[in-house]
Amino acid sequence: MSRTIRIGTRDSELALWQATTVKDQLEALGHTIKLVPVKSTGDLVLDKPLYELGITGIFTKTLDVAMLNGEIDIAVHSMKDVPTMLPKGIVQAAVLKRANYMDILAFKNNEEFLGSPDGIIATGSLRRKAQWLNQYPTHTVVDLRGNVNSRLEKLNKNDWNGAIFAAAGLERIGLEPENTIGLTWMVPAPAQGAIMVVAMENDLEIREICAELNHRETEICTKLERDFLRELEGGCSAPIGALAYIDKEEKVNLKGVLLTIDGSQKLEAALTAPLGKHENLGIDAAKSILSRGGRRLMNELQGADLKTNVFSTKKFTEAQLQKFSSGIRVDSEDFIKISPNRISPIILKKSLGNIVFTSKNAVESLLTNCSPAELQFKNIYCVGRKTKRLIQKKIGPVAHVENSATDLANYLVEYMDGTQVTYFHGNLSLEDLPTILEGNNINVNKVEAYKTKLSGKAIPESVEGILFYSPSTIESYLLKNKPHQVAYCIGETTATEARKHFKEVKVANIPDVESVIELVNSNYSQ
């Protein structure tokens, strides 16, 4: 094959080790390989929103997007991090032979704390926490996040007795501490210890090449474990473990567990079937658990007090709520209400050269006053990708889009034809854009298209972070609340306002709701 195969990977040490392993195996088969570390989603060039493509995994989303954009040919993942439903157009191309699937306890000093009621164990996994508390109900489990290296460093710096890791991760990068215990009683995450290679469904040449790396036994076992997980998952986070293996008599064995977060309840299923008649083991095990109280337990978990708590000042759809990572509990409410203004027909029936929108609200409000066919707009400029999509769908082509009002104003000063714009805006819109334009001798005809009503409410102090989508949502929030720990902002204009009140402000890479959700997920995965 003359084609160079581009392997996408995250840039952590473990991810690079896994990608290099795949690279070495493909090169041994005579192929030319290039590693492509991918850091962020960047400017997505997609025909559909991410939620329509089914992209959900926080650890895999970036590589999914890179593949769909044609930047890489295959991606390499820790299989336990891959959602049970892959995005449309992406398929599993190979599963490498499984490494050590066990969880291990790295401990300090000695093991005496295992017989003490006062042990302190660190882990960021709900599954590990629940199983540890089921085994040691009087111990304390503290949160531990970050890559393998940073978690080991935190263990050394804190007064914890130990921390739980995936054995395969430590072994692969040669970081296994001297003092470890294999937790043979702990059921691992589905597909733990396995490496998955994914490719585009329509790239048959690449899929045939990757198939040479596939380990059939690992493929069978991990599929059953993921079937078990998928059948149990009801859209909420839950401590779920599963392990399948094929014994010497060619029988397939599967054990699955579901627990409450505090470990006080545990439901198990263990099934066996001859190889060749094993296909439904995972689903059957899950159904067994669901029929014995698992469905009630899953319903209770949906309202459980999970590790984190964030609040959105914009009401989320059910699809958006499903995009949050495990362990993040979310509440949301609309903190601003929009009411369209009546716009004079004299304005709307004019032939207008340069039109500016800085929000979808202005576009939607405008269209309550007239039909798109009546509009005579020559050049339309806007802020935000979603605003652009709405304009193109309802009105017509967009001449240029920027991520912030300031950036758009600077662009217009530099490149716009003419010295006049018509700016459709809300009553609380910031003056950044008109101020810049008027300061550069561009006349701004302001048309108030809608009114924003502030409708915030008091938020519990336990909330750790607030999601904001405009300066108005910040203003509404502050009427009844003091600043919480973190402000997650949709764009730089909102972030500028947030920095006046919040100590920690984080800004999404792309100005849309899904990117803000991704920002929250990224923060809690560190």
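Predicted model only: the values in this text are computed from it and were never measured.

Definitions and cut-offs
- Residues numbered from 1 in each chain as written.
- Predicted model: local features only at pLDDT ≥ 70, side-chain atom pairs only at ≥ 80, totals over all residues.
- Heavy atoms only, no water.
- Buried < 20%, exposed > 50% of the residue type's maximum accessible area, 1.4 Å probe, protein only.
- Helix = DSSP H or I, 4+ residues; strand = E, 2+ residues; numbered from the N terminus.
- Contact = heavy atoms within 4.5 Å.
- Salt bridge = Lys/Arg side-chain N within 4 Å of Asp/Glu carboxyl O.
- Domains from an automatic or database assignment.
- Buried area = accessible area lost by both parts, 1.4 Å probe.
- Polar contact = N/O pair within 3.5 Å; in protein donor to acceptor, adjacent residues only side chain to side chain.
- Nonpolar A, V, L, I, M, F, W, Y, C, P; charged D, E, K, R; others polar.

*Asks:* How should I be thinking about helix 3 (residues 61-68) in this particular structure?
*Replies:* Helical geometry: 3.6 residues make up each α-helical turn, so side chains three or four residues apart lie on a common side. The buried count for helix 3 comes to seven of eight residues, which makes it a mostly enclosed element. Every buried residue belonging to helix 3 is among Lys-61, Thr-62, Leu-63, Asp-64, Val-65, Ala-66 and Met-67, and all of these are buried. Downstream of helix 3 by a residue or two, Gly-70 has a phi angle that is positive, lying close to 80 degrees.

*Asks:* I tried to follow the side chain of Thr-222 on my own but got confused; where do I start?
*Replies:* When you line up the elements, Thr-222 lands in helix 8 (residues 216-232). For Thr-222, a relative accessible area of 0% translates into the label buried. Leaving out residues up to four positions away in the same chain, Thr-222 has contacts with Met-79, Val-95, Arg-98, Ala-191 and Ala-194.

*Asks:* Quick question: what am I supposed to make of the pattern of salt bridges here?
*Replies:* Opposite charge on two side chains makes pairing possible when the charged atoms of those side chains draw close. Throughout the structure, instances matching the rule amount to 21 salt bridges. Where Asp-73 meets Arg-3, a salt bridge forms, and the shortest distance between an N and an O atom there is 2.9 Å. Placement of Asp-73 in the loop between helix 3 and strand 3 (74-78) and of Arg-3 in the segment before strand 1 (5-9) is noted, with a sequence separation of 70 residues between them. Of the charged contacts, one joins Lys-446 and Glu-431 as a salt bridge, the two residues approaching to 2.9 Å between their closest N and O atoms. Linking Lys-446 in strand 21 (residues 443-454) with Glu-431 in the loop between strand 20 (420-426) and helix 15 (432-439), this pair joins segments that are 15 residues apart in sequence. Given the relative accessible area of 38%, Lys-446 is considered partly exposed.

*Asks:* Hey, could you run me through the domain arrangement of the chain in this one?
*Replies:* Size of an interface: often given as the accessible area lost when the parts come together. Split by domain assignment, the chain resolves into domain 1 (1-96 + 191-214), domain 2 (103-182), domain 3 (216-301), domain 4 (306-335 + 455-524) and domain 5 (337-454). Summed over both partners, the interface of domain 1 with domain 2 buries about 750 Å², with 54% contributed by carbon and sulfur atoms. Together, Glu-13, Leu-14 and Gln-192 form the three largest contributors to the area buried by domain 1 at its contact with domain 2, with a combined 58%. The interface formed by domain 1 and domain 2 contains zero salt bridges. Summed over the shared surface of domain 1 and domain 2, the number is six residue pairs in polar contact (both at pLDDT 80 or more). With four residues, the single largest contributor to the side of domain 1 that touches domain 2 is helix 1 (residues 13-28). Looking at the side of domain 1 that touches domain 2 residue by residue, the classes come out as four nonpolar, three polar and one charged.

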